[in-house]
Amino acid sequence: MKKSNLLYERLTALASKIHEGEVSPQDLVNALLERIKETEGRVKAYVTVTGEEARRAAEKAEKEIQRGQYRGLLHGIPVSIKDLMDTKGVKTTYGSRIFRENIPDDDATVVKKLKEAGAIMLGKTNTHEFALGGITPPTKNPWSLDRIPGGSSGGSAAAIAASSALTTLGSDTGGSIRIPASYCGVVGLKPTYGLVSKAGVFPESWSLDHVGPITRYVEDSAVMLQFIAGYDEKDPATRKRKIPDYVAELQNSVDGLRAGVPRNYFFEHVDHEVLSAVRQAIKVLEGLGMSIHELTVPAIDGIMGAYTTLDFAEIATNHRRIYAEHAHEYTYESKLYIEAGSFISATQYIDALRARPKLTTQVLEAMKDVDVMLTPSQPIVAPKIGEKEAFIDGYKEDLLLSMVRFLAPFNLTGLPALSICCGFNSDNLPIGLQIIGKPFQESTVLRVGHYYEQATGWHKWLVQVPL
Amino acid sequence: MDDRVIEILDQKLSCSLMAFQSSSRKRLKVLSKNMFIASFGGSLLKHLSKEFVESIVKQLDLKVKDEKNLKDLFETVQANYSFIKAVEDTTLTPSDDPMLYVRFLQEARGGDNEEK
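Keep in mind that what you see is a predicted model, and the values were worked out from it rather than measured.

### What to know about the packing of aromatic side chains
Residues and elements named next belong to chain A. Summed over the entire model, instances satisfying the criterion amount to 17 aromatic pairs over all chains. A centroid spacing of 5.1 Å and a plane angle of 80 degrees characterise the contact between tyrosine 323 and tyrosine 330, whose relative ring orientation is edge-to-face. Considered together, tyrosine 323 and tyrosine 330 belong to a single accessibility category, that of buried residues. Relative to tryptophan 461, the ring of phenylalanine 424 has its centre 4.2 Å away and its plane inclined at 15 degrees; by these criteria the two rings are stacked. Highlighted residues: phenylalanine 424 in strand S12 (residues 417-424) and tryptophan 461 in the segment after helix H15 (442-456), separated in sequence by 37 residues.

### Quick word on helix H12 (residues 346-366) of chain A
In an α-helix there are 3.6 residues to a turn, and that puts residues three or four apart on one side. Residues and elements named next belong to chain A. Spanning 21 residues, H12 covers 30 Å between terminal C-alpha atoms, matching the ideal 30 Å at 1.5 Å per step. The largest bend along H12 measures about 30 degrees and falls at alanine 355, with the proline proline 357 one to four residues further on. For H12, the set of buried residues is Gln348, Ala352, Arg354, Ala355, Arg356, Pro357, Leu359, Thr360, Val363 and Leu364.

### As for the interface of chain B and chain A
Contact with chain B, which involves 39 residues of that partner, is made by 49 residues of chain A. With both chains or domains summed, chain B and chain A bury close to 3800 Å², and 64% of this area falls on carbon and sulfur atoms. Where Lys358(A) meets Asp96(B), a salt bridge forms, and the shortest distance between an N and an O atom there is 3.0 Å. Where chain B meets chain A, there are 10 residue pairs in polar contact (both at pLDDT 80 or more). Residue contributions to the side of chain B that touches chain A peak at 13 residues, all from helix H4 (residues 67-88) of chain B. Split into classes, the residues belonging to the side of chain B that touches chain A amount to 21 nonpolar, 10 polar and eight charged.

### Topic: the layout of surface pockets
By volume, the largest pocket amounts to about 1300 Å³. Around the largest pocket, the lining comprises 50 residues; the ones closest to its centre are Gly133(A), Glu333(A), Tyr337(A), Asp398(A) and Leu400(A). Elements represented by at least two residues in the lining of the largest pocket include exactly helix H10 (300-326), helix H11 (332-341) and helix H13 (399-404) of chain A together with H4 of chain B. Considering each element in turn, the lining of the largest pocket owes the most residues, six residues, to H4(B). Broken down by class, the residue content of the lining of the largest pocket amounts to 21 nonpolar, 17 polar and 12 charged.

### A few points about the sheet that holds S12(A)
Residues and elements named next belong to chain A. Across the sheet, 11 strands lie side by side as S1-S3-S2-S4-S6-S5-S12-S13-S9-S7-S8; this open sheet has mixed pairing. Edge positions in the sheet fall to strand S1 (46-49) and strand S8 (291-295), since each of these pairs with one other strand and no more. Within this sheet the neighbouring strands show an average axis-to-axis angle of 30 degrees, counted without direction. As paired elements, strand S5 (residues 187-190) and strand S6 (residues 210-215) share two bridges and run antiparallel to each other. Note on S6: the bridge partner recorded for glycine 188 is isoleucine 214.

### Observations regarding the pattern of salt bridges
Residues and elements named next belong to chain A. Counted by the stated rule, this structure contains 25 salt bridges over all chains. Residues aspartate 106 and lysine 234 are paired through a salt bridge, measuring 3.6 Å at the closest nitrogen-oxygen approach. Note that aspartate 106 is positioned in the loop between strand S2 (78-82) and helix H4 (109-116) and lysine 234 in the loop between helix H7 (218-228) and helix H8 (246-249), a separation of 128 residues in sequence. Here lysine 234 falls in the partly exposed class, since its relative accessible area comes to 46%.

Parameters and conventions
Residues numbered from 1 in each chain as written. Chains lettered and ligands numbered in written order. Predicted model: local features only at pLDDT ≥ 70, side-chain atom pairs only at ≥ 80, totals over all residues. Heavy atoms only, no water. Phe/Tyr/Trp six-rings, centres within 6.5 Å; stacked < 30°, edge-to-face > 60°. Buried < 20%, exposed > 50% of the residue type's maximum accessible area, 1.4 Å probe, protein only. Helix = DSSP H or I, 4+ residues; strand = E, 2+ residues; numbered from the N terminus. Expected span 1.5 Å × (residues − 1). Bend = angle between axes of the 7 residues up to and from the residue. Contact = heavy atoms within 4.5 Å. Buried area = accessible area lost by both parts, 1.4 Å probe. Salt bridge = Lys/Arg side-chain N within 4 Å of Asp/Glu carboxyl O. Polar contact = N/O pair within 3.5 Å; in protein donor to acceptor, adjacent residues only side chain to side chain. Nonpolar A, V, L, I, M, F, W, Y, C, P; charged D, E, K, R; others polar. 1 Å grid on protein atoms, 1.4 Å probe; cavity = no way out; pocket = protein on both sides within 12 Å on 5 of 7 lines; lining within 4 Å. Points joined across faces, edges and corners; volume = space filled by probe spheres on them. Pairing = 2+ DSSP bridges. Axes fitted to C-alpha atoms, helices over the stretch in contact; angles between N-to-C directions.

This is the structure we're talking about:
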């Protein structure tokens with residue numbers, strides 16, 4: 001097999017070949033480093049590539065496997081980590097000039113878990129400054145280099161699309177995994193709040209932050225979740241609970257599952273090509289045996305209000321001390337975020353906290369007769385670099401608002417949500433479908449995504465390299 | 001913007017400024033200021049004296065200072081408030097304890113499947 005073909009294999013297939021000795025971790029690392037060399041000049045998905053460390057780790061993994069000490073599906077698999085996550089001994093900038101020389105003493109819990117599973121860290125992927133935005137400069141969208149990849153986990157999604165990463169981690173406070181997944185035509189999973197530890201990940205908003213995988217295939221996200229999910233004493237939001245076998249549960253049929261399609265909000269002001277692709281995706285799922293039911297998502301204004309209150313107030317609180325000393329090193333947009341957050345009063349913040357369980361209960365009540373809910377991930381395809389507004393068939397709105405409005409409701413409510421590619425527009429730009437589940441029902445969400453992927457094959461559309 | 005709208009805006013602004021200027025309590029000053037910045041956004045700036053703007057910047061310890069930047073900031077505050085206002089419309093009673101979210105998360109996770 002050509003080494004470059006390895007870059008498009010599923011993790012389970014690669015794991016099997018590594019276990020059998022047909023493919024070596026060193027081959028994988030070398031193929032990826034070669035691809036990074038081919039693509040990085042244009043895509044700029046990485047801020048740090050740990051090539052030598054990765055080669056050494058690959059050699060070590062290979063020896064362990066040869067000695068019969070195989071640790072499981074991620075042993076010998078290279079992973080790329082969003083640069084918002086601490087990595088021991090490796091520069092971690094959080095996308096900020098202030099932390100340009102920061103070298104953490106410890107790994108974020110998710111990084112530690114991946115390393116314990118035998119994964120090899122290949123490098124750090126670019127993030128928007130402190131994850132406070134959806135552009136992720138200077139990273140480009142591999143599908144069209146004059147367009148943004150989305151963000152804030154834009155480096156991770158762009159690296160998957162450019163095949164310069166096999167699998168990655170991202171984080172999501174208002175859509176930062178699902179926005180770039182949608183714009184780059186890859187898979188992004190925001191798990192239920194509290195399923196995956198966020199310890200060692202620079203916070204945007206403690207009560208809204210989530211950590212999850214960005215991958216090429218739904219099955220790869222299931223593999224990643226298997227290893228990063230679970231209790232962590234360093235993250236008070238996590239709790240001891242049994243973790244299902246996410247990969248095995250992908251094989252259960254979707255026949256008979258019930259999908260809800262909101263009749264309000266989530267299909268308003270959506271580009272006509274996006275709308276058409278999402279409607280077609282719903283038909284495909286119906287064809288796979290799922291029943292489709294219209295529903296109304298209640299109190300959406302209250303949900304977006306509580307989300308905005310918590311997000312801005314927690315950003316202002318978290319950055320207050322650093323900002324006092326280093327305001328001149330923040331980008332202008334981040335300054336506005338932080339200072340606008342300081343205008344939110346304590347009573348408004350507490351009211352948002354009080355409203356949160358009530359609003360979440362109302363959403364779950366609306367979902368009581370369905371297993372999942374289906375919406376577009378984004379109202380538009382990836383915008384051009386420099387655009388500040390989204391233009392949607394004659395309707396105009398702030399670009400960042402367009403990015404978060406279908407996604408942030410599930411940060412406030414903490415529900416699991418997956419973005420997968422459901423087609424391409426007439427300019428060959430990817431379109432995203434969002435699949436939302438009930439708390440801790442990631443298996444169901446992933447299963448629906450997996451069956452859809454198998455039925456349609458959009459994941460086989462690849463960015464041509466060289467770019 | 002027609003003359004009638006400007007007239008109403010001027011009247012409202014005068015009231016807010018009066019409330020702000022007549023208040024001797026710092027907390028009320030901050031609340032008043034937040035509220036009228038949230039109400040009027042960047043359009044507020046042209047109605048305020050330079051000294052008054054400087055006092056806002058100083059009191060809130062803003063790093064964003066010049067007129068263009070303050071205009072952007074006030075627009076952001078105004079945009080946020082247009083969302084935040086909706087929380088006020090959510091029916092909340094004294095029994096809506098903010099800690100209920102903790103219980104909600106625990107119940108959502110179930111108690112019978114804990115990791116051994």
